[in-house]
Amino acid sequence: MLAGLAFAPAAHADIVPVSAAQCAAMKARHVITPANPVPCARLSTVSFDYTDFDGATRSGSVVVLDAVAPQVESLFGELLLRSTPLASAMPLENFDGDDEKSMAANNTSAFNGRPMTGGGAWSKHAYGAAIDINPLQNPYVGKAGSPQQQVLPPQAGADSLQRAPLRPGQAEDLVGVFYDHGFLVWGGNWKEPIDYQHFEIGSREFIRKLASMPRAQARAEFERYVARYRSCVRQGAPAHAGDADDDAPEDIALRDNCAARLRK
C-alpha cells in the first residue's frame, strides 16, 4: 500500500534551509540558543499540505535536521494521501518555544531547543530528530494509573487515554508510516512515560552522528537507514504479497520486529 501511494499526484511540499531571518526569530522567541546541540545551519523547514479535522486542506510546516528533511516531506505527503487529520502544524516560534502552549493548541511540531520533559538531557526535538503529532489526541502520560499521573496537555480529554477503538488523528494508525520514513521509535510503546504523540529516529548516539556529519553525508546515511528498514519489511512479507494485497492488514509484528532490529 505504501508503495502504491508514492505514485499518487504530489501535493504541495517544499524544503528550504532555515534562513537567517527565521533563525533570528527562533532565537528571539526562545526556540534555539547558542547552547543548542544543533545550529540553525543544520536545520531545514519542511512545508506541506495537510487535511484538518473538518476535511479542509491547510498548509503547515515543521523544522527538522537537514538529514531527515526529504523523508519528513514524504511522510507528510503520505499523511495527506491517507487523509490523516492534523489540527495544526506550525514551528515553535509561533508559541515562543513553549511546548505546553503548542500542545494545548493541538499543534504538530518537530524542532524545539529544549530539554526532555521533566528536565535532564537535551530532548531529541533539540536535534530536529523527533516529531509530535496531534497532542490532544495523543497525550504524554507520566506515572500512568498512579495518584501522581500527569497528562500533557492537561486539556486532553479522558477519552484520549482510551486508545481503542481508534479515532481520527490517533498515532496508533500512523506508526507504520513513521517507521517507513525512518522514525523507528514511538513513545506510545514506552512504559514510563507513555508519549503517544512522539516519534523519533533512534538513539542519541545515532542522532549525534548524523549531526556531526556533513549535510550530504548525513542525508545519505539516513537514507540507508530507511532503506534497511524497508528491505526488512519486504523480505519478511509473504511471497504472494503484491498489488492484489494492497488492502491487506499491516503485519504489525513484522513491522515492530524490523524497527527493533534496525533502529540505531
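Residues numbered from 1 in each chain as written. Predicted model: local features only at pLDDT ≥ 70, side-chain atom pairs only at ≥ 80, totals over all residues. Heavy atoms only, no water.

1. Some words on the packing of helix H7 (residues 215–236) against helix H8 (residues 252–262)
The N-to-C vectors of H7 and H8 enclose an angle of 140°; their axes lie 9 Å apart at closest approach. Considered as vectors, H7 and H8 are oriented oblique to each other. Crossing angle aside, the handedness with which H7 passes H8 is right-handed. Residues Tyr-225, Arg-228, Tyr-229, Cys-232, Val-233 and Gly-236 of H7 form the contact with H8, whose participating residues are Leu-254, Arg-255, Cys-258, Ala-259, Arg-261 and Leu-262. (Axes fitted to C-alpha atoms, helices over the stretch in contact; angles between N-to-C directions. Helix = DSSP H or I, 4+ residues; strand = E, 2+ residues; numbered from the N terminus. Parallel < 35°, antiparallel > 145°, perpendicular 65-115°, else oblique. Left-handed = near helix turned anticlockwise from the far one by under 90°. Contact = heavy atoms within 4.5 Å.)

2. Notes on the pattern of salt bridges
Enumeration according to the criterion identifies 13 salt bridges in this entry. Note that Asp-52 and Arg-58 form a salt bridge whose closest N and O atoms lie 2.9 Å from each other. Residues Arg-224 and Glu-221 are paired through a salt bridge, measuring 2.9 Å at the closest nitrogen-oxygen approach. Pair noted here: Arg-224 and Glu-221 are both in helix H7, with a separation of three residues, about one helical turn. Its relative accessible area of 8% is what places Glu-221 among the buried residues. (Salt bridge = Lys/Arg side-chain N within 4 Å of Asp/Glu carboxyl O. Buried < 20%, exposed > 50% of the residue type's maximum accessible area, 1.4 Å probe, protein only.)

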